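Residues per chain are reported as follows:
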Amino acid sequence: MVEQLEFFEIQSPCRGICQTNEQGYCRGCFRSRDERFQWLKFTDPQKRNILRLCRQRYIRSIMIKSLQDDVSPAQQELF
């Protein structure tokens, strides 16, 4: 297997939001705490895998939010 040459460093996906959601992932980049703190120690293949996972987490969060927005309240307000 021939390994592809990387000409550019894989940049951190950090967006500067740095708050965690209910699942423990960053609200900005969707990385876990370990993925954020260890980013510089990961190899390029590991970084690419983390970016793939982040995309999956992002898509899942959009789908969950969409489903939550579609659910109507079970009971109407009384007043």
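For the structure itself, consult the block above.
Since we're looking at a predicted model, the values are computed, not measured.

1. Things to note about the overall build of the protein chain
Looking only at helices and strands, the protein chain has two helices and zero strands in total. Sorting the 79 residues of the protein chain into buried and exposed places 18% on the buried side. Put simply, 34% of the contacts in the protein chain that link residues at least 6 apart link residues at least 24 apart. When the accessible surface of the protein chain is summed, it comes to about 7100 Å², and 55% of that surface belongs to carbon and sulfur atoms.

2. What to know about the layout of surface pockets
If you add up the space inside the largest pocket, you get close to 360 Å³. Along the wall of the largest pocket there are 14 residues; nearest its centre are Asn21, Glu22, Gln23, Phe30 and Ser61. Put simply, the second largest pocket is a space of about 160 Å³. Residue lining of the second largest pocket: Pro13, Arg15, Arg27, Gly28, Cys29, Phe30, Leu51, Cys54, Arg55 and Tyr58, and that is the complete set. Partitioned by chemical class, the residues of the lining of the second largest pocket number six nonpolar, one polar and three charged.

3. Observations regarding the environment of Gly24
Mapped onto the elements, Gly24 comes out in the segment before helix H1 (33-37). With a relative accessible area of 32%, Gly24 lands in the partly exposed category. Not counting residues within four places of it along the chain, the set of residues in contact with Gly24 comprises Arg31, Ser32, Arg33 and Arg36.

4. Quick notes on the packing of aromatic side chains
Applying the stated rule across the entire model yields one aromatic pair. Both rings, one in Phe30 and one in Tyr58, keep their centres 5.6 Å apart while their planes meet at 70 degrees; by these two values the pair is edge-to-face. One end of the pair, Phe30, is in the segment before H1; the other, Tyr58, is in helix H2 (residues 44-70), and 28 residues separate them in sequence. The exposure class assigned to Tyr58 is partly exposed, which follows from its relative accessible area of 43%. Here Arg31 stacks its cationic end above the ring of Trp39, 5.2 Å away from the centre of that ring. One cation-aromatic arrangement involves Arg36 over Phe37; the distance from NZ or CZ to the ring centre is 5.7 Å.

5. Things to note about the pattern of salt bridges
When the charged atoms of two side chains lie near each other, side chains of opposite charge can form a pair. Per the counting criterion, the structure on display carries three salt bridges. Arg27 is the salt-bridge partner of Glu22, the closest N and O atoms lying 3.5 Å from each other. Its relative accessible area of 66% is what places Glu22 among the exposed residues. Taking relative accessible area as the criterion, Arg27 reaches 39% and is therefore assigned partly exposed. With its nearest N and O atoms 3.2 Å apart, the salt bridge here joins Asp69 to Lys65. Taken as a pair, Asp69 and Lys65 lie in helix H2 at a separation of four residues, close to a single helical turn.

Calculation rules
- Residues numbered from 1 in each chain as written.
- Predicted model: local features only at pLDDT ≥ 70, side-chain atom pairs only at ≥ 80, totals over all residues.
- Heavy atoms only, no water.
- Helix = DSSP H or I, 4+ residues; strand = E, 2+ residues; numbered from the N terminus.
- Buried < 20%, exposed > 50% of the residue type's maximum accessible area, 1.4 Å probe, protein only.
- Contact = heavy atoms within 4.5 Å.
- Areas by Shrake-Rupley, 256 points an atom, 1.4 Å probe, with all protein chains shown as cover.
- 1 Å grid on protein atoms, 1.4 Å probe; cavity = no way out; pocket = protein on both sides within 12 Å on 5 of 7 lines; lining within 4 Å.
- Points joined across faces, edges and corners; volume = space filled by probe spheres on them.
- Nonpolar A, V, L, I, M, F, W, Y, C, P; charged D, E, K, R; others polar.
- Phe/Tyr/Trp six-rings, centres within 6.5 Å; stacked < 30°, edge-to-face > 60°.
- Lys NZ or Arg CZ within 6 Å of the ring centre and 35° of its normal.
- Salt bridge = Lys/Arg side-chain N within 4 Å of Asp/Glu carboxyl O.

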